[in-house]
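What follows is each chain in one-letter form.
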Amino acid sequence: MYRPQEDSWLLEHAFGCAGPPPDAKILDFCTGTGILAVAAARAGAKSVTALDIAPRAVLTARLNAWSRRLPIRVLRGGLGVARRLAPFDVIVSNPPYVPAPSGAHDPRWDAGPDGRSVVDPLCREIPELLRPGGFALVVHSEFTGVDTTLDMLRAGGVKATVVARERIPFGPVMRSRADYLQHRRTDSAADASVVAIESKAGTETEEVVVIRADRPEHTR
């Protein structure tokens, strides 16, 4: 289970600034402890669903909702469950996004060699999970490839932009693989995430960003 850290607080702040519509139907995808689901319920959402694949996260999120007497539905599952429950007015997500060398498979944060094993499927699904006029907020590190995320979302027909950013020191996981981040290469020399990794890894800091994706009210 992923405990709330700087990225969680940045996403929570962005959610508050976004001004979710009253009586919104909200999804907290990769809920962890349920911090964003709690924030959504307290903001007056009509319904809040929290999803996570980790049994311990599901239990913790349920306990956090119950202890606060908040009507949050916490379910175990991934995008398949989200599709069955869609559409949503708002989606918030702090998915696993840390680039992982071979042999690193901690589901709390490891997300494949480029950090996108969860982010990519989520980006592909967001346009269909949102109702027209809805929006999503997704947080991840610069090392995951901010431009890649923006391009994928825009290719799906949504408006995408960075709405919050913060530079933070490496935590224990990122420090433990600083050499991997610095030396990772891909076949595409123009990949923006590779450029970011090569230029930033040695500083032992990372920029965490919140990306907002808006589905238009009307499509042509």
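Preceding this paragraph is the structure being described.
Given the structure is predicted, the values throughout are model-derived calculations rather than measurements. (Residues numbered from 1 in each chain as written. Predicted model: local features only at pLDDT ≥ 70, side-chain atom pairs only at ≥ 80, totals over all residues. Heavy atoms only, no water.)

A. Molecular detail of the pattern of salt bridges. The tally for this structure, following the rule as stated, stands at six salt bridges. Notably, a salt bridge pairs Asp 89 with Arg 131, separated by 2.7 Å at the nearest N-O pair. With a gap of 42 residues between them, Asp 89 in strand β4 (residues 88–93) and Arg 131 in strand β5 (residues 130–141) connect regions that are remote in the sequence. Relative accessible area serves as the criterion here: at 18%, Asp 89 is assigned to the buried category. Arg 131 sits in the partly exposed class, given a relative accessible area of 29%. As a salt-bridge pair, Asp 120 and Arg 116 come within 2.6 Å of each other at their nearest N and O atoms. What makes Asp 120 buried here is its relative accessible area of 18%. (Salt bridge = Lys/Arg side-chain N within 4 Å of Asp/Glu carboxyl O. Helix = DSSP H or I, 4+ residues; strand = E, 2+ residues; numbered from the N terminus. Buried < 20%, exposed > 50% of the residue type's maximum accessible area, 1.4 Å probe, protein only.)

B. View of the nonpolar core. Formed by 66 residues in total, the largest nonpolar core has its most connected members in Phe 15, Ile 72, Ile 126, Leu 153 and Val 210. The element that contributes the greatest number of residues to this core is helix α2 (residues 35–42), accounting for seven residues. Ignoring sequence-local partners within four residues, the contact set of Val 210 consists of Leu 10, Leu 11, Ala 14, Leu 137, Val 138, Val 139, Thr 161, Val 162, Val 163 and Ala 164. (Core = buried A, V, L, I, M, F, W, Y, C linked by side-chain atoms within 4.5 Å. Contact = heavy atoms within 4.5 Å.)

C. Region of interest: helix α3 (residues 55–67). The end-to-end C-alpha separation of α3 is 18 Å, in line with the 18 Å expected for 13 residues at 1.5 Å each. Of the positions making up α3, those classed as buried are Ala 57, Val 58, Thr 60, Ala 61 and Ala 65. One face of α3 carries all of its buried residues, which in axial projection span an arc of 165 degrees. Along α3, exposed side chains directed more than 90 degrees from the buried face belong to Arg 56, Leu 59 and Trp 66. Turning to α3, the residues buried within the fold contact β2 (47–52) and β3 (72–76). (Expected span 1.5 Å × (residues − 1). Arc of directions from axis to C-beta.)

D. The arrangement of the environment of Tyr 180 in detail. Along the chain, the position of Tyr 180 falls in helix α8 (residues 178–183). Along the backbone, Tyr 180 and Pro 113 are 67 residues apart, and their C-alpha atoms lie at a distance of 9.6 Å. Sequence-distant contacts of Tyr 180, defined by excluding residues within four places in its chain, comprise Pro 99, Ala 100, Pro 101 and Pro 113.

These values are about where atoms sit, not about what they do.
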